[in-house]
Amino acid sequence: MGRFNWPIAVTASAAIFASALAGSARAEDSTDPIKFVLNDWTGELISTRLMGEALKRQGYKIDYVQADAMAEFQGLETGDLDVVMEVWSTTQKQVFDDALKTGSVENLGETGMKAREEWWFPEYMKEKCPGLPDWKALKEPECVKAFSTPDTAPKGRYLGGPVTWGGFDDERVAALGLDFEVVHAGTDAALFAELESAYKRKAPILLWIYAPHWAPAVYKGEWVEFPPYTPECYAEKKYDCGKPHGPIWKAAWSGVKTKWPKAHDAIQKFSITTDEMNALVYKVDRDKQSVEDVTSKWLDDNEARWKAWFQ
């Protein structure tokens, strides 16, 4: 019996070995480049390069592709784009939910950062508009006048983010009957350059501020308190409420998990705190360091941490 069991055992072992090899091959990630989306705000550029460059250090090929923050989901649905490192529940939730329903886009979980985006004013503006931060103060003629500029008078001026960010600010002005004109900044940099200029002069300014970001820590001020957000407020297109608050997610084309399974797992494990991101954005926007230098140093200083994403 023994001499017949030996070849059978070898055959069985060979089959198991072949199966293990096949499983290993299936687990190997594609050598094709992974297409990471670059948006137009500093924090997203940092998040994207932290993950992308960590993958590069593990031997992956990465392509960085500039895309609109709202239109990017169509690229994820078709597989023309692969990974988005920041999807904000404050302004992108509705379009993200629609993309998830197609089955072609996957939520890869929270980044660890919490998002807030809303109208913001410097504290010194309370002297000219004492009812703030209650939004109803903005309906008072004295407050409208306090926030007006030569370009918008007699209306008040609200400086919104770039048009591509969405946010329904124009709709909110109409829905709440505010006598304000929405002026959109051309870029993220222009938005905060105007804040810095106004703050130094104690000039009137009411603008879109978001967090995580360095601005709420550097400048003393408050967010306007609008009626609380409800899903119905947006779903029914009323927009007579504030913006939602919540997590910042990661998203991917649904094919990533089969084409690059190990990378997919690492991206899911990516995590960074709001405070950490605030500090990194400050280095880029205020200290004028490059995104590439800031992210490279973070990866050098936190090697054990990011390598754990691949375990």
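Participant: Tell me about the overall build of the chain, and please be specific about residues and values.
Facilitator: Summing up its helical and strand segments, the chain has 14 helices and nine strands in all. A compact globule built from 311 residues would reach a C-alpha radius of gyration of about 19 Å, whereas the chain, at 25 Å, exceeds it by more than 25%. In the chain, which comprises 311 residues, the proportion classed as buried is 46%. For the chain, the proportion of contacts with a sequence separation of at least 24, taken over those separated by at least 6, is 73%. As displayed, the chain has an accessible area near 14,700 Å², and 55% of this comes from carbon and sulfur atoms.

Participant: If you had to explain the pattern of salt bridges to someone new, which residues and values would you point to?
Facilitator: Applying the stated criterion across every chain yields a total of 20 salt bridges. Of the charged contacts in the structure, one is a salt bridge between Arg157 and Glu194, with a shortest N-O distance of 2.6 Å. Here Arg157, found in strand 5 (residues 156-160), pairs with Glu194, found in helix 7 (residues 188-201); they are 37 residues apart in sequence, far enough to count as distant. According to the relative accessible area criterion, Arg157 is buried, its value standing at 16%. On the accessibility criterion, Glu194 (29% relative accessible area) is partly exposed. For Asp301, the salt bridge is made with Lys297, and the minimal N-O distance between the two is 2.6 Å. Of this pair, Asp301 and Lys297 both sit in helix 13 (residues 291-301), separated by four residues, roughly a single helical turn. Through salt bridges with shared partners, one network takes in Asp169, Arg172 and Lys243.

Participant: Residue-level account of the state of the cysteines, with values.
Facilitator: Cysteine pairs can be covalently joined through their sulfur atoms, and such a bond is termed a disulfide. The final tally for this structure, using the stated rule, is two disulfides. Should the bonded cysteines of the chain be numbered as they appear in the sequence, the pairing reads 1-2, 3-4.

Participant: Go over helix 12 (residues 274-285) with me, naming the residues and quoting the values.
Facilitator: Over its 12 residues, helix 12 runs 16 Å from end to end, which matches the ideal 16 Å to within 8%, given 1.5 Å per residue. Met277, Asn278, Leu280, Val281, Val284 and Asp285 are the residues of helix 12 that are buried. The elements touched by buried residues of helix 12 are helix 2 (42-57), strand 3 (83-88), strand 4 (105-122), helix 7 and helix 13.

Participant: Could you give an account of the packing of aromatic side chains, naming the residues involved and the relevant values?
Facilitator: According to the stated counting rule, one finds 24 aromatic pairs in the structure shown. Between Phe96 and Trp249, the aromatic rings sit 5.6 Å apart at their centres with planes inclined by 40°, giving tilted as the arrangement. In this pair, Phe96 is assigned in helix 4 (residues 93-101) and Trp249 in strand 9 (residues 246-253), connecting sequence segments 153 residues apart. You can call Phe96 buried: its relative accessible area is 1%. A centroid spacing of 4.7 Å and a plane angle of 50° characterise the contact between Tyr199 and Tyr219, whose relative ring orientation is tilted.

Participant: Tell me about the side chain of Glu44, residues and numbers included.
Facilitator: Along the chain, the position of Glu44 falls in helix 2. Despite being buried, Glu44 has no salt bridge partner; Arg49 is the closest side chain of opposite charge, sitting 8.6 Å away. Setting aside anything within four residues of it in sequence, one finds Glu44 in contact with Val37, Leu38, Asn39, Met85 and Glu86.

Participant: Hey, could you go over empty space enclosed by the protein for me, with residue numbers and the actual values?
Facilitator: Going through the model one piece at a time under the given rule, you end up with one cavity of 30 Å³ or more. The space that makes up the largest cavity amounts to roughly 100 Å³. Around the largest cavity, the lining residues are Trp41, Ala69, Trp88, Thr91, Gln92, Glu117, Trp165 and Tyr210.

Participant: Describe unusual backbone geometry, naming the residues involved and giving the relevant values.
Facilitator: The step from Ala153 to Pro154 runs through a cis peptide bond, and the omega angle for that step is 10°. Checked against the element boundaries, Pro154 lands in the loop between helix 5 (141-146) and strand 5. Omega for the bond connecting Ala211 with Pro212 falls within 30 degrees of zero, at 15°, which places this linkage in the cis form. Take Pro212: it is sitting in the loop between strand 7 (207-211) and helix 8 (215-218). Unlike most non-glycine residues, Phe168 shows phi in positive territory, near 60°.

Participant: Could you give an account of the packing of helix 12 against helix 13, with specific residues and numbers?
Facilitator: Between helix 12 and helix 13, the least distance of the axes is 9 Å, while the angle of their chain directions is 140°. With respect to each other, helix 12 and helix 13 are oriented oblique. For the pair helix 12 and helix 13, the crossing hand works out as right-handed. Residues Glu276, Leu280, Lys283 and Val284 of helix 12 form the contact with helix 13, whose own contacting residues are Val291, Val294 and Trp298.

Participant: Explain the pairing of strand 2 (residues 62-66) to me, using residue names and the numbers behind them.
Facilitator: Two strands pair when backbone bridges link them, and strand 1 (residues 34-38) and strand 2 are joined in this way by five bridges, in the parallel orientation. Within strand 2, the position partnered with Lys35 by the bridge is Asp63. Handedness of the crossover joining strand 1 and strand 2 through helix 2: right-handed.

Rules used in this analysis
Residues numbered from 1 in each chain as written. Predicted model: local features only at pLDDT ≥ 70, side-chain atom pairs only at ≥ 80, totals over all residues. Heavy atoms only, no water. Helix = DSSP H or I, 4+ residues; strand = E, 2+ residues; numbered from the N terminus. Rg over C-alpha atoms; globule rule 2.2 N^0.38 Å. Buried < 20%, exposed > 50% of the residue type's maximum accessible area, 1.4 Å probe, protein only. Contact = heavy atoms within 4.5 Å. Areas by Shrake-Rupley, 256 points an atom, 1.4 Å probe, with all protein chains shown as cover. Salt bridge = Lys/Arg side-chain N within 4 Å of Asp/Glu carboxyl O. Disulfide = S-S within 2.5 Å. Expected span 1.5 Å × (residues − 1). Phe/Tyr/Trp six-rings, centres within 6.5 Å; stacked < 30°, edge-to-face > 60°. Lys, Arg positive; Asp, Glu negative; His and termini not counted. 1 Å grid on protein atoms, 1.4 Å probe; cavity = no way out; pocket = protein on both sides within 12 Å on 5 of 7 lines; lining within 4 Å. Points joined across faces, edges and corners; volume = space filled by probe spheres on them. Axes fitted to C-alpha atoms, helices over the stretch in contact; angles between N-to-C directions. Parallel < 35°, antiparallel > 145°, perpendicular 65-115°, else oblique. Left-handed = near helix turned anticlockwise from the far one by under 90°. Pairing = 2+ DSSP bridges. Right-handed = clockwise from strand over helix to strand, strands pointing away.

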